[in-house]
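In case you want the letters, here they are:
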2 protein chains.
Amino acid sequence: MEIPSSLLSLVEALRCLPGVGPKSAQRMAYHLLQHDVEGARGLASSIIYALEHLRHCQWCNSFSEMDVCSLCSNVKRDRKLLCVVEMPADLMVMEQTQAYSGLYFVLMGRLSPLDGAGPKEIHLDRLLKRVDDEVEEVILATNFTVEGEATAHYVMEILKGRGLHVSRIARGLPVGGELEYVDSGTLAQAFIERRYL
Amino acid sequence: MEIPSSLLSLVEALRCLPGVGPKSAQRMAYHLLQHDVEGARGLASSIIYALEHLRHCQWCNSFSEMDVCSLCSNVKRDRKLLCVVEMPADLMVMEQTQAYSGLYFVLMGRLSPLDGAGPKEIHLDRLLKRVDDEVEEVILATNFTVEGEATAHYVMEILKGRGLHVSRIARGLPVGGELEYVDSGTLAQAFIERRYL
């Protein structure tokens, strides 16, 4: 049984998506061809359109259709504060809190030597250029994973060397959290980082 | 924060893939744009190419780039046997056994009233047209799931009404299987369907 080459190529192409192995790529290909031809067409054109129109904002490094994104060009934002996050999705959840009025820098990744992600991959040169301006404080909001912590530490060392105020978002119990249900690592950290009232 | 519309469209378009929710669609979009622009381009063109070139084989209903696929037009295959499977992937694993030399009919699905899949969705009209030829026996090789079993039963009733020999692939212990490790449903079935020697 020869599988048609165009079907084979589609299955192979779908495997470029993160978390998609041979079996799910095959399932996706059959689904697109059999049940959602319109969706398949839409997916192809969305990819092409996005690749054509999206670039990195010159200021915050996030995806934008303009040279400088709408957030960075908003004059109401506080230009003295710069929040560093790993991914655009992190920027989005940060914005949803409505607790922050400064600007952002998106690393588009994290330090991860095993995956070959060093200072270049997190666009450190662009961050350093960015903080030369009117920035007074850099708030590190990378994830509290091993890699996120390492990234925060690394960026902190370099920024401090340049005489900047650097802070890290707090670890502790979630709002509404009960001690009984929190993991001991978080509880220990909440104890160590207790605030004096 | 306004998300660029081309990014939003891409995330939305990725959700047409089976098993992809909002979070993984977002992750996939960022991955394509940030880390695999080549893969994204390849995916878009593979989709377009496959949609243009693939059609259903007029005989077996599976995907093919020709009107009749290479398997159906192979003169060495036994035209008296027709094996009915749910999906092209099932046809492929059946072929890998090298135990079957007849032809196939691919339903491209299974009866599933809850999902709105009735006789039309499993292309029953095409199957009935197909068995009018020189077919002597139809082997039902749908899955042994509730829906696969119901499909087999339904197709069996209709084909038997037309005086055809209909068979179902066997249930039982796997080759190399040990009684101790087999679930009791399978063992019970293997007992009921025991072969007299």
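Residues numbered from 1 in each chain as written. Chains lettered and ligands numbered in written order. Predicted model: local features only at pLDDT ≥ 70, side-chain atom pairs only at ≥ 80, totals over all residues. Heavy atoms only, no water.

Q: Can you help me understand a nonpolar patch on the surface in this one?
A: Residues and elements named next belong to chain B. A contiguous nonpolar patch, built from Leu-173, Leu-179 and Leu-187 and spanning about 240 Å² of accessible area, is present on the exposed surface. Turning to its location among the elements, Leu-179 is positioned in the loop between strand E6 (165–168) and helix H7 (184–192). Here Leu-179 falls in the exposed class, since its relative accessible area comes to 57%. (Patch = residues over 30% accessible without salt bridge, like charges linked within 9 Å, V, L, I, M, F, W, Y side chains within 5 Å. Areas by Shrake-Rupley, 256 points an atom, 1.4 Å probe, with all protein chains shown as cover. Salt bridge = Lys/Arg side-chain N within 4 Å of Asp/Glu carboxyl O. Helix = DSSP H or I, 4+ residues; strand = E, 2+ residues; numbered from the N terminus. Buried < 20%, exposed > 50% of the residue type's maximum accessible area, 1.4 Å probe, protein only.)

Q: How should I be thinking about the side chain of A:Asp36 in this particular structure?
A: Mapped onto the secondary structure, A:Asp36 falls in the loop between helix H2 (22–35) and helix H3 (37–53). The charged side chain of A:Asp36 is buried without a salt bridge, its nearest counter-charge being A:Arg41 at 9.0 Å. Not counting chain neighbours up to four residues away, the residues in contact with A:Asp36 comprise A:His31 and B:Cys16. (Lys, Arg positive; Asp, Glu negative; His and termini not counted. Contact = heavy atoms within 4.5 Å.)

Q: Before we go on, may I ask you to explain the packing of aromatic side chains in this structure?
A: How two aromatic rings sit relative to each other is set out by the distance from centre to centre and by the angle between their planes. This model, assessed by the stated rule, comprises four aromatic pairs over all chains. For the pair A:Phe63 and B:Tyr30, a centre-to-centre distance of 6.0 Å together with 5° between the ring planes defines the contact as stacked. Of this pair, A:Phe63 sits in strand E2 (residues 63–64) while B:Tyr30 sits in helix H2 (residues 22–35), which puts the two residues in different chains. For the pair A:Tyr100 and A:Tyr104, a centre-to-centre distance of 5.2 Å together with 70° between the ring planes defines the contact as edge-to-face. Between A:Arg168 and the ring centre of A:Phe144, over which it is positioned, the NZ or CZ distance is 4.1 Å. When the ring centre of A:Phe191 is taken as reference, the NZ or CZ atom of A:Arg194 above it lies at 4.9 Å. (Phe/Tyr/Trp six-rings, centres within 6.5 Å; stacked < 30°, edge-to-face > 60°. Lys NZ or Arg CZ within 6 Å of the ring centre and 35° of its normal.)

Q: Where do I start with the sheet that holds strand E3 (residues 78–85) of chain B in this structure?
A: As a general point, the strands of a sheet are linked pairwise by backbone hydrogen bonds and lie either parallel or antiparallel. Residue and element names in this part refer to chain B. Judged by pairing direction, the sheet is parallel, and its four strands sit side by side in the order E4-E3-E5-E6 without closing on themselves. Edge positions in the sheet fall to strand E4 (102–106) and E6, since each of these pairs with one other strand and no more. Neighbour-to-neighbour, the strand axes of this sheet turn through a mean angle of 25°, independent of strand direction. Sitting on the sheet, helix H6 (residues 146–161) is in contact with strand E5 (137–140) and E6, with an inclination near 165° to E6. (Pairing = 2+ DSSP bridges. Axes fitted to C-alpha atoms, helices over the stretch in contact; angles between N-to-C directions.)

Q: Just checking my understanding: could you explain the layout of surface pockets for this structure?
A: Summary: where empty space remains is shown by rolling a probe the size of a single water molecule over the atoms. Estimates place the volume of the largest pocket at around 760 Å³. Lining the largest pocket are 30 residues, with A:Gln26, A:Arg27, A:Tyr30, B:Met87 and B:Ala89 sitting closest to its centre. Looking at the lining of the largest pocket, the elements with two or more residues in it are helix H1 (5–14) and H2 of chain A together with helix H4 (88–96) of chain B. In terms of residue count, H2(A) provides more of the lining of the largest pocket than any other element does, nine residues in total. Classifying every residue of the lining of the largest pocket by side-chain character gives 15 nonpolar, seven polar and eight charged. Within this model, the second largest pocket holds a volume of roughly 470 Å³. Taken together, 21 residues make up the lining of the second largest pocket; nearest its centre are A:Met87, A:Met108, A:Gly109, A:Arg110 and B:His35. (1 Å grid on protein atoms, 1.4 Å probe; cavity = no way out; pocket = protein on both sides within 12 Å on 5 of 7 lines; lining within 4 Å. Points joined across faces, edges and corners; volume = space filled by probe spheres on them. Nonpolar A, V, L, I, M, F, W, Y, C, P; charged D, E, K, R; others polar.)

Q: For this particular structure, what's the right way to read helix H6 (residues 146–160) of chain A?
A: Residues spaced three or four apart along an α-helix point in a common direction, a consequence of the helix completing one turn every 3.6 residues. All names here are of chain A. A rise of 1.5 Å per residue sets the reference length of H6, with its 15 residues, at 21 Å; its end C-alpha atoms lie 21 Å apart and thus fit the reference within 8%. Along H6, the positions that sit buried rather than exposed are Gly-148, Thr-151, Ala-152, Val-155 and Leu-159. Mapping the buried residues of H6 onto a view down its axis gives an arc of 100°, with all of them on the same face. Exposed residues pointing more than 90 degrees away from the buried face of H6 are listed as Val-146 and Lys-160. Residues of H6 that are buried make contact with helix H5 (124–130), strand E5 (137–140) and strand E6 (165–168). (Expected span 1.5 Å × (residues − 1). Arc of directions from axis to C-beta.)

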